Number of protein chains: 2
Amino acid sequence: MLGYCGRMGSKNSTATKRADALRSIDAIVQAAAECLGKNPEASLSEIARAAGVGRVTLYAHFNSRAEVVDAAMSRAIDRGNEVLDTVDLTGDPRLALARYIEAGWHLVDQARALLAAAQRELPAGRIRELHAGPAARVETLVARGRAEGAFRTDLPIAWMVNVLHTVMHSATEEIRAGRLTPDHAADHITATVLAAFTPPGTPVPETGGGA
Amino acid sequence: MLGYCGRMGSKNSTATKRADALRSIDAIVQAAAECLGKNPEASLSEIARAAGVGRVTLYAHFNSRAEVVDAAMSRAIDRGNEVLDTVDLTGDPRLALARYIEAGWHLVDQARALLAAAQRELPAGRIRELHAGPAARVETLVARGRAEGAFRTDLPIAWMVNVLHTVMHSATEEIRAGRLTPDHAADHITATVLAAFTPPGTPVPETGGGA
DNA sequence: TATAACGTGAACACCGCTGTTCGACTTAGC
DNA sequence: GCTAAGTCGAACAGCGGTGTTCACGTTATA
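Predicted, not measured: the structure shown is a model, and the values here were computed from it.

Caption draft 1: Broad picture of the interface of chain B and chain A. Listed per partner, the contact involves 33 residues of chain B and 33 residues of chain A. Overall, the association of chain B and chain A removes approximately 2,500 Å² of surface from exposure, summing both partners, and the carbon and sulfur fraction of that is 61%. The largest contributions to the chain B side of the interface with chain A come from Trp-159, His-188 and Val-204 of chain B, which together make up 23% of the buried area. One can count four salt bridges joining chain B with chain A. Applying the counting criterion to the chain B and chain A interface returns twelve residue pairs in polar contact (both at pLDDT 80 or more). Ranked by residues supplied to the side of chain B that touches chain A, first place goes to helix α7 (residues 157–176) of chain B with ten residues.

Caption draft 2: Quick peek at the relation of the copies chain B and chain A. Least-squares fitting of chain B to chain A yields an RMSD of 0.1 Å, with the transformation described by 0.0 Å of translation along the axis and a rotation of 180 degrees. Overall, the copies show the geometry of a two-fold rotation axis. Of every C-alpha in chain B, the one belonging to Pro-203 of chain B sits nearest the axis of rotation, 1.8 Å from it. In this assembly, 100% of the residues forming the interface of chain B have copies in chain A that are likewise at the interface, indicating an isologous arrangement.

Caption draft 3: Region of interest: helix α8 (residues 182–197) of chain B. When the terminal C-alpha atoms of α8 of chain B are compared, their 23 Å separation across 16 residues agrees well with the 22 Å that a helix rising 1.5 Å per residue should span. Counting buried residues along α8 of chain B, twelve of its 16 residues qualify, which places the element largely inside the surrounding structure. Looking at α8 of chain B, one finds that the buried residues are Ala-185, Ala-186, His-188, Ile-189, Thr-190, Ala-191, Thr-192, Val-193, Leu-194, Ala-195, Ala-196 and Phe-197 of chain B. The inward-facing, buried residues of α8 of chain B abut α7 (157–176) and α8 (182–197) of chain A together with α5 (93–121), α6 (124–147) and α7 of chain B.

Caption draft 4: Fine view of the protein's contact with DNA strand D. Residues in close proximity to DNA strand D total 22 residues, the closest being Arg-18, Ser-24, Thr-57 and His-61 of chain A together with Arg-55 of chain B. Close to the protein, within 4 Å, the atoms of DNA strand D are drawn from sugar and phosphate at a rate of 62%. Interatomic distance of 2.3 Å between a side-chain N/O atom of Ser-24 of chain A and a phosphate oxygen of DNA strand D. Interatomic distance of 3.4 Å between a side-chain N/O atom of Arg-55 of chain A and a base nitrogen of DNA strand D. Listing elements by their share of the surface near DNA strand D, those giving two or more residues are α1 (19–38) and α3 (55–61) of chain A together with α1 (19–38) and α3 (55–61) of chain B. Sorting elements by how many residues they give to the surface near DNA strand D places α3 of chain A first, with four residues. Of the residues contributing to the surface near DNA strand D, the split by class is seven nonpolar, seven polar and eight charged.

Caption draft 5: Fine view of the pattern of salt bridges. Residue and element names in this part refer to chain A. This structure, assessed with the given rule, holds 26 salt bridges over all chains. Salt-bridge contacts for Arg-99 lead to Asp-88; the nearest nitrogen and oxygen are separated by 3.8 Å. Of the two residues, Arg-99 is situated in helix α5 (residues 93–121) and Asp-88 in the loop between α4 (65–85) and α5; the sequence distance between them amounts to eleven residues. Classification of Arg-99 as partly exposed rests on a relative accessible area of 31%. Ionic pairing is found between Arg-179 and Glu-174, a salt bridge with its closest N-O pair at 2.8 Å. Classification of Arg-179 by relative accessible area gives exposed; the value is 52%. Overall, Glu-174 belongs to the buried group, its relative accessible area being 4%. One salt-bridge network, held together by shared partners, links Asp-70, Arg-126 and Glu-129.

What counts, and at which threshold
- Residues numbered from 1 in each chain as written.
- Chains lettered and ligands numbered in written order.
- Predicted model: local features only at pLDDT ≥ 70, side-chain atom pairs only at ≥ 80, totals over all residues.
- Heavy atoms only, no water.
- Contact = heavy atoms within 4.5 Å.
- Buried area = accessible area lost by both parts, 1.4 Å probe.
- Salt bridge = Lys/Arg side-chain N within 4 Å of Asp/Glu carboxyl O.
- Polar contact = N/O pair within 3.5 Å; in protein donor to acceptor, adjacent residues only side chain to side chain.
- Helix = DSSP H or I, 4+ residues; strand = E, 2+ residues; numbered from the N terminus.
- Least-squares fit on C-alpha atoms with pLDDT ≥ 70 in both.
- Expected span 1.5 Å × (residues − 1).
- Buried < 20%, exposed > 50% of the residue type's maximum accessible area, 1.4 Å probe, protein only.
- Near = heavy atom within 4 Å.
- Nonpolar A, V, L, I, M, F, W, Y, C, P; charged D, E, K, R; others polar.

Written out as structure tokens, the structure reads:
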């Protein structure tokens, strides 16, 4: 947590800030995460307005748009990690994957839009750095599932992780397009990914609605 | 074909144009499809330059950016249809799907980026109109596969079509990111989607490299 | 070859976003 | 209650994109 403040040369030095300043910063980062989560090219004016703060105040705390994006990205990742930390990823890899999807599918689309913003403002190294944590969690799960024979091994781990995230993301797009209702999303994603991960020659598991 | 010219109030009226004008228009539409296929926010200056044409010339043939996007989109769809028309979609739905993927996976990413551009410049109705043709082809195939018992029926057709296109698109992103080589793309997509489409309780087909 | 259509660069006005400065006002904290 | 820190709107310069006009050069075509 707090990973979004005082990263680089941002004006948030270690010097003690006043309470209202901290409140402003928090409101800005939160608004940035929301706005950029919806629209990667949201302007700083929009973000300031959404934060209930003047545009000048925003520039008083962040030197550039890149810093705002970085802060929003860090915040979203921290929030996501908090949620995902509560998920039990032990036991049958198939059930663990289902739990992961259930908990995380709605996080992915905001993260994706944020990522799109980040990819235009932040250096590639910084993005990898931010992405490393969340990625490792899933990679470990997939690797374990492969080792235990629950998941296929004829496709690279990176590809499988990509499929998982891609399908999760596409679900939110389907919802936006009105072709899918939120209450079916997790089931559809789980049924799809579990089948996609099944080793060739093995029957696809039945995923009867209940997680 | 020729679906991209003279759609609405574009300056391409039915009046006979000179040969060099037609050549310019064609170069512009082609360049637009390429540029917008790479970057949905490519400027008209970029497109004109890529077409080897002055910016003013572009405005002589198209009233607005939207018209250029529409023309590029129409062209890309026409081109895609031409390619897909050569693919045999009869016989075993699984093999037909594999052929479809083999022929079309590399078309999807350009179409996607183009779609992103279109979604910001064109009305939703126009987009649906353009998308209807290509979508129908796949929907028919998936529906047939379900009817014949080759594909699962516990998920909506729209969702399955979405999964197919999403996975195809993600492959091109993986290639861009350097995590996948183009010669493996079709195999990975096919293996993934075929498994995802397999009815629960049925073994996942083996897709030993050669399609 | 005449002429209308076409291509062109330069220049224009307009817009929105970025990042900055200034002066005045409000508030937190000692 | 004093002071430094914070907030704010207005206004600035710079940039890049859009869409338009103009005057001049080029080319197709009858």
